[in-house]
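# Examining the three-dimensional arrangement
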Amino acid sequence: MGAATILFALVFYAATLLCVAGLAWRIADYARTPAPLKIPTTPAPTTMGGVVLRMAREVALFESLFKSSLWTWLFGWMFHVALALVLARHLRYFIEPVWFWVTFIQPFGMYAGFALVAGLGGLWARRFLVDRVRYISTPSDHLMLVLLLAIGISGLALRFLAHTDIVAVKAFFLGLIYFDWQPLPAHPGLYVHLGLVALLIAIFPYSKLLHAPGVFFSPTRNQADNPREARHLSAWAAALEKAKP
Ligand code: HEM
C-alpha cells in the first residue's frame, strides 16, 4: 500500500472524527442555549404546524433571503440546490449496490457542478462589488468561498479534463467504511480534490457553514407567534420560578 493511500486514509478518519465530534458539541451547545424572549420575525405563524411549514419553506426555498436580497438569493439558492445534487451524485462512491434514485440523478448531478461553481462565483463577486458587503466581509468569508470554489473546480477538472479511476476511488472509500483499506489511485487532481474536501469536512462545525444545522435553532424562525395564548418561559426561568418560596 502506497504512502499516499495511508496518508489520505488517516486524514479522512481524522476529518470525520473532528466533524462528528464538533457537530455533536455545537448542536448540544445550541440546544442548551436559552431563548428567554418571544422573538419570532413577524408576520409569523401562530401554531406549531405553521412553524414547521415556515421552516420547511426557509430550508427549501430560502424564503427570508428571497425577501431581503434577490441577487444573494439567486446565487445562494443556485449554489445550495446544485450542492445537494452534486452530493447526491457522489453517494455512488459510498454505497453498494447504488440506489435507483442515485443512478437516476447522475446526469443532473454532473451538470449541477457548473451551477455550483457559477453560484459560488456570484456570491464571491458580491463580496467585492457591493460596497456595504465588502465593508463587513472578513478573510474567513472569502476563504470559505475559495475553498468551496476550489473543490468544485477540481471536481469538474476530474470529470471533464483529467479522468481518474472512479471505480478505484469507490473501492478506497468503501474500504475506509469497512476498515479494509484499498489503494487510492495516484492522481494529482484527485489528491487536490480530496485534500480540500477533507479540510472542508474537518472545519465544517467550527466555521460559518454551521448555519446548516443552526437555522433550526433560530428563535426568530422556530417560535410561534402565540404570546397571548401561551406564556413563554425558558427552562431556566421556569426553574427559578419553581424555586421561589
Ligand atoms: C469524500 C468526498 C468526495 C469524493 C470521494 C469525491 C470524488 C470525486 C470524483 C472522483 C469526481 C470525478 C467524477 C467523475 O470523473 O465522474 C468528483 C467530481 C466532482 N466533485 Fe467530488 N468528491 C467528494 C466530495 C465533494 C464535495 C464535498 C464537493 C462539493 C462541495 C464536490 C464537488 C464535485 C464536483 C462539482 C464534481 C464535478 C461534477 C461531478 O462529476 O459530479 N465533491 N468528485
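Our subject in this report is the structure included herewith.

Conventions and cut-offs
Residues numbered from 1 in each chain as written. Predicted model: local features only at pLDDT ≥ 70, side-chain atom pairs only at ≥ 80, totals over all residues. Heavy atoms only, no water. Donors = N, O, S within 2.8 Å, 3.2 Å for Na, K, Ca; no water. Tetrahedral: all angles 85-135°; square planar, octahedral: opposite > 155°, others 65-115°. Helix = DSSP H or I, 4+ residues; strand = E, 2+ residues; numbered from the N terminus. Buried < 20%, exposed > 50% of the residue type's maximum accessible area, 1.4 Å probe, protein only. Near = heavy atom within 4 Å. Polar contact = N/O pair within 3.5 Å; in protein donor to acceptor, adjacent residues only side chain to side chain. Nonpolar A, V, L, I, M, F, W, Y, C, P; charged D, E, K, R; others polar. Salt bridge = Lys/Arg side-chain N within 4 Å of Asp/Glu carboxyl O. Phe/Tyr/Trp six-rings, centres within 6.5 Å; stacked < 30°, edge-to-face > 60°. Axes fitted to C-alpha atoms, helices over the stretch in contact; angles between N-to-C directions. Parallel < 35°, antiparallel > 145°, perpendicular 65-115°, else oblique. Left-handed = near helix turned anticlockwise from the far one by under 90°. Contact = heavy atoms within 4.5 Å. Expected span 1.5 Å × (residues − 1).

### Side note on the coordination of the iron atom of the ligand
Taken together, the protein ligands of the iron atom of the ligand are His 90 (NE2) and His 193 (NE2), with distances of 2.0 to 2.1 Å. If you look at the iron atom of the ligand, its 6 donor atoms make angles of 86 to 178 degrees with each other, and the shape they trace is octahedral. Placement of His 90 in helix α4 (residues 70–90) and of His 193 in helix α10 (residues 188–203) is noted, with a sequence separation of 103 residues between them. A residue is classified by how much of its surface remains accessible, and His 193, at 10% relative accessible area, is buried.

### Description of the site of the ligand
Near the ligand you find 22 residues, and of these Arg 89, His 90, Arg 159, Phe 173 and His 193 are the closest. At a separation of 2.7 Å, an oxygen atom of the ligand approaches a polar side-chain atom of Arg 89. One of the side-chain N or O atoms of His 193 is found 2.9 Å from a nitrogen atom in the ligand. Mapped by element, the contributors of at least two residues to the shell around the ligand are α4, α6 (106–129), α8 (139–160), α9 (166–177) and α10. Among the elements that take part in the shell around the ligand, α8 stands out by supplying 6 residues, more than any other. Class assignment of the residues belonging to the shell around the ligand gives a composition of 14 nonpolar, 5 polar and 3 charged.

### Points about the pattern of salt bridges
Going through the model one piece at a time under the given rule, you end up with 7 salt bridges. Residues Glu 58 and Arg 221 are paired through a salt bridge, measuring 4.0 Å at the closest nitrogen-oxygen approach. Of this pair, Glu 58 sits in helix α2 (residues 48–61) while Arg 221 sits in helix α12 (residues 219–222), and the two are 163 residues apart along the sequence. The class for Glu 58 is buried, based on a relative accessible area of 13%. A salt bridge links Lys 170 to Glu 96, with the nearest nitrogen and oxygen atoms 2.8 Å apart.

### A look at the packing of aromatic side chains
If you walk through the whole model with that rule in mind, you get 15 aromatic pairs. Taken together, a centroid distance of 5.6 Å and an interplanar angle of 15 degrees make the contact between Tyr 13 and Phe 179 stacked. In this pair, Tyr 13 sits in helix α1 (residues 3–32) while Phe 179 sits in the loop between α9 and α10, placing the two residues 166 residues apart along the sequence. The partly exposed category is assigned to Tyr 13, whose relative accessible area is 24%. Here the aromatic rings of Phe 66 and Trp 73 are separated by 5.0 Å at their centres, their planes lie at 80 degrees, and the arrangement is edge-to-face.

### Re the packing of α1 against α10
Their axes nearest at 8 Å, the elements α1 and α10 cross at an angle of 25 degrees. Put simply, α1 runs roughly parallel to α10. Pair α1 / α10 crosses with left-handed handedness. Each of Ala 4, Phe 8, Val 11, Phe 12, Ala 15, Thr 16, Leu 18 and Cys 19 in α1 lies in contact with α10, whose residues at this interface are Tyr 191, Leu 194, Gly 195, Val 197, Ala 198, Ile 201 and Ala 202. Of the residues contributing to the contact of α1 with α10, the split by class is 13 nonpolar, 2 polar and no charged.

### A look at α9
For α9, which comprises 12 residues, the first-to-last C-alpha distance of 17 Å matches the rise-based estimate of 16 Å (1.5 Å per residue) to within 8%. Buried residues belonging to α9 abut α1 and α10. Sitting at the head of α9, Asp 165 places a side-chain oxygen 3.2 Å from the backbone nitrogen of Val 167. Phi turns positive, to about 55 degrees, at Phe 179, one or two residues after α9.

### Thoughts on unusual backbone geometry
Looking along the chain, the bond that leaves Thr 42 and enters Pro 43 is cis, with omega of 0 degrees. Relative to the assigned elements, Pro 43 resides in the loop between α1 and α2. Going from Glu 96 to Pro 97, the amide bond is cis rather than trans, its omega being 0 degrees. With respect to the element layout, Pro 97 can be found in the loop between α4 and α5 (100–104).

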